[in-house]
Amino acid sequence: MRYPTGTEDELEKAIEAASLAIRRGRLVVMPTDTVYGIGADAFEAAAVQRLLDAKGRGRDMPPPVLVSASTTLDALAVNVPGWARALVAEFWPGPLTVVCHQQTSLQWDLGETRGTVAIRMPDDDIALAVLERTGPLAVSSANITGRPAALDADEAETMLGDSVAVIIDGGRTPGSDPSTIVDATGDQGRILRQGALTLEELNDVLEPLGAALTDEG
């Protein structure tokens, strides 16, 4: 079902419907600060698999996890280097995804992650409101793999409407560029995907720390 968000009452109904769907193991579509995303409970393996199936995506491409607060980073990841924390402090909430070593105690199955997790805090009020109620969500771009990511609810519904329980219509997203993905699991930080944040913007933060990223995106 598609929910408008033009009034406070509509917004509350949309957020509550999405939260309830997540608790029931269903999929939801919601806006973010980059593109629309399709989300599932990160801790329910069957829901994550439904997300991958809806996109036509294999387990070799696990979805990132979106969070509502930067403090959640340490609940999901370990051995986060200081330079990565500096980027998080500067760019969260925002279009920065950080790949870290995951907490070994986490009971989830996001796919073939090889012990890592990609984490982001989006800069979007609707997404953050949903995340505050649901906890961390596995969220990938709202599209069928190989097609452009949805920038509004119409595009998302056309591609994924039959697979999701709730579509939150938050209007057109402000940007078409996806988040920039940074790998923080090795000795040298590197960009895995160039997105809304450039290498120069990231390295401007790191230079005073004596660190720098390489670009493999």
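Above this text you will find the structure in question.
These notes cover the structure that comes with them. Quantities reported herein were computed from a predicted structural model and do not represent experimental measurements.

Thresholds, definitions, all that
- Residues numbered from 1 in each chain as written.
- Predicted model: local features only at pLDDT ≥ 70, side-chain atom pairs only at ≥ 80, totals over all residues.
- Heavy atoms only, no water.
- Helix = DSSP H or I, 4+ residues; strand = E, 2+ residues; numbered from the N terminus.
- Areas by Shrake-Rupley, 256 points an atom, 1.4 Å probe, with all protein chains shown as cover.
- Lys, Arg positive; Asp, Glu negative; His and termini not counted.
- Charge placed at Lys NZ, Arg CZ, Asp CG, Glu CD.
- Buried < 20%, exposed > 50% of the residue type's maximum accessible area, 1.4 Å probe, protein only.
- Contact = heavy atoms within 4.5 Å.
- Axes fitted to C-alpha atoms, helices over the stretch in contact; angles between N-to-C directions.
- Parallel < 35°, antiparallel > 145°, perpendicular 65-115°, else oblique.
- Left-handed = near helix turned anticlockwise from the far one by under 90°.
- Nonpolar A, V, L, I, M, F, W, Y, C, P; charged D, E, K, R; others polar.
- Pairing = 2+ DSSP bridges.
- Patch = residues over 30% accessible without salt bridge, like charges linked within 9 Å, V, L, I, M, F, W, Y side chains within 5 Å.
- Salt bridge = Lys/Arg side-chain N within 4 Å of Asp/Glu carboxyl O.
- Core = buried A, V, L, I, M, F, W, Y, C linked by side-chain atoms within 4.5 Å.
- Arc of directions from axis to C-beta.
- Right-handed = clockwise from strand over helix to strand, strands pointing away.

1. Some words on the overall build of the protein chain
When helices and strands are tallied, the protein chain shows 7 helices and 12 strands. Carbon and sulfur atoms form 47% of the exposed surface of the protein chain, whose accessible area is close to 9,700 Å². In the protein chain, 17 positive and 33 negative side-chain charges are present, and the distance between their average locations comes to 8 Å.

2. Comments concerning the side chain of Thr-173
For Thr-173, the location among the structural elements is in the loop between β9 (166-168) and β10 (180-183). Thr-173 gets classed as buried once you look at its relative accessible area, which sits at 10%. Once you skip the residues sitting within four places of it in the chain, Thr-173 turns out to touch Thr-32, Thr-34, Val-35, Tyr-36 and Leu-151.

3. Examining the packing of helix α4 (residues 82-91) against helix α7 (residues 199-206)
The N-to-C vectors of α4 and α7 enclose an angle of 115°; their axes lie 9 Å apart at closest approach. Taken as axis vectors, α4 and α7 run roughly perpendicular relative to one another. Taken as a pair, α4 and α7 cross one another with a handedness that is right-handed. On α7, the residues that touch Trp-83, Ala-86, Leu-87, Glu-90 and Phe-91 of α4 are Glu-201, Leu-202, Val-205 and Leu-206. Of the residues in the contact of α4 with α7, the class split is 7 nonpolar, no polar and 2 charged.

4. Notes on the pairing of strand β3 (residues 37-41)
Of all 5 residues making up β3, 5 are buried, and the element is well covered by its neighbours. When strand β2 (residues 28-30) meets β3, the two strands line up antiparallel, connected through 3 bridges. Bridge assignment links Val-29 to a residue of β3, and that residue is Ile-38. Hairpin remark: β2 followed by β3, antiparallel, with 6 residues in the connecting loop.

5. Some remarks on a negative patch on the surface
Residues Glu-200, Glu-201, Asp-204, Glu-207 and Asp-215 make up a contiguous surface patch of negative charge. For the negative patch, the element with the highest residue contribution is α7, accounting for 3 residues. The topology assignment puts Glu-201 in helix α7. Here Glu-201 falls in the partly exposed class, since its relative accessible area comes to 35%.

6. Remarks on the pattern of salt bridges
Taken as a whole and judged by the stated rule, the model has 14 salt bridges. The residue Arg-2 makes a salt bridge to Glu-157 at a minimum N-O spacing of 2.7 Å. Of this pair, Arg-2 sits in strand β1 (residues 2-3) while Glu-157 is found in helix α6 (residues 153-160), placing the two residues 155 residues apart along the sequence. According to the relative accessible area criterion, Arg-2 is partly exposed, its value standing at 30%. Residue Glu-157 is classed as partly exposed on the basis of its relative accessible area, which comes to 37%.

7. Considerations on the nonpolar core
Grouped together as the largest cluster of nonpolar side chains are 35 residues, with contacts concentrated most on Leu-87, Trp-92, Leu-96, Leu-202 and Leu-213. Elements supplying a minimum of two residues to this core: α3 (73-76), α4, β6 (96-102), β7 (116-120) and α7. Top contributing element to this core by residue count: α4, with 6 residues. With near-sequence residues (within four places) excluded, Trp-92 lies in contact with Val-67, Ser-70, Leu-73, Leu-87, Val-98, Ile-119, Arg-120 and Met-121. Grouped together as the second largest cluster of nonpolar side chains are 20 residues, Ala-14, Ala-127, Val-130 and Ala-165 included.

8. Some thoughts on helix α2 (residues 45-55)
Those residues of α2 not exposed but buried are Ala-47, Val-48, Leu-51, Leu-52, Ala-54 and Lys-55. Projection of α2 onto a plane perpendicular to its axis shows the buried side chains occupying an angular sector of 160°, all on one side. Looking at the buried positions of α2, the neighbouring elements they touch are β3, β8 (137-141) and α6.

9. Comments concerning the pairing of strand β11 (residues 190-193)
Bridge count between β10 and β11: 3 bridges; the pairing is antiparallel. In the strand pairing of β11, Asp-183 is matched with Arg-190. Counted between consecutive antiparallel strands, the loop separating β10 from β11 contains 6 residues. Relative to strand β12 (residues 214-215), β11 runs parallel, the two sharing 2 bridges. Each bridged residue has a counterpart across the sheet, and for Ile-191 the counterpart in β12 is Asp-215. Viewed along the sheet, the connection from β11 through α7 into β12 turns out right-handed.

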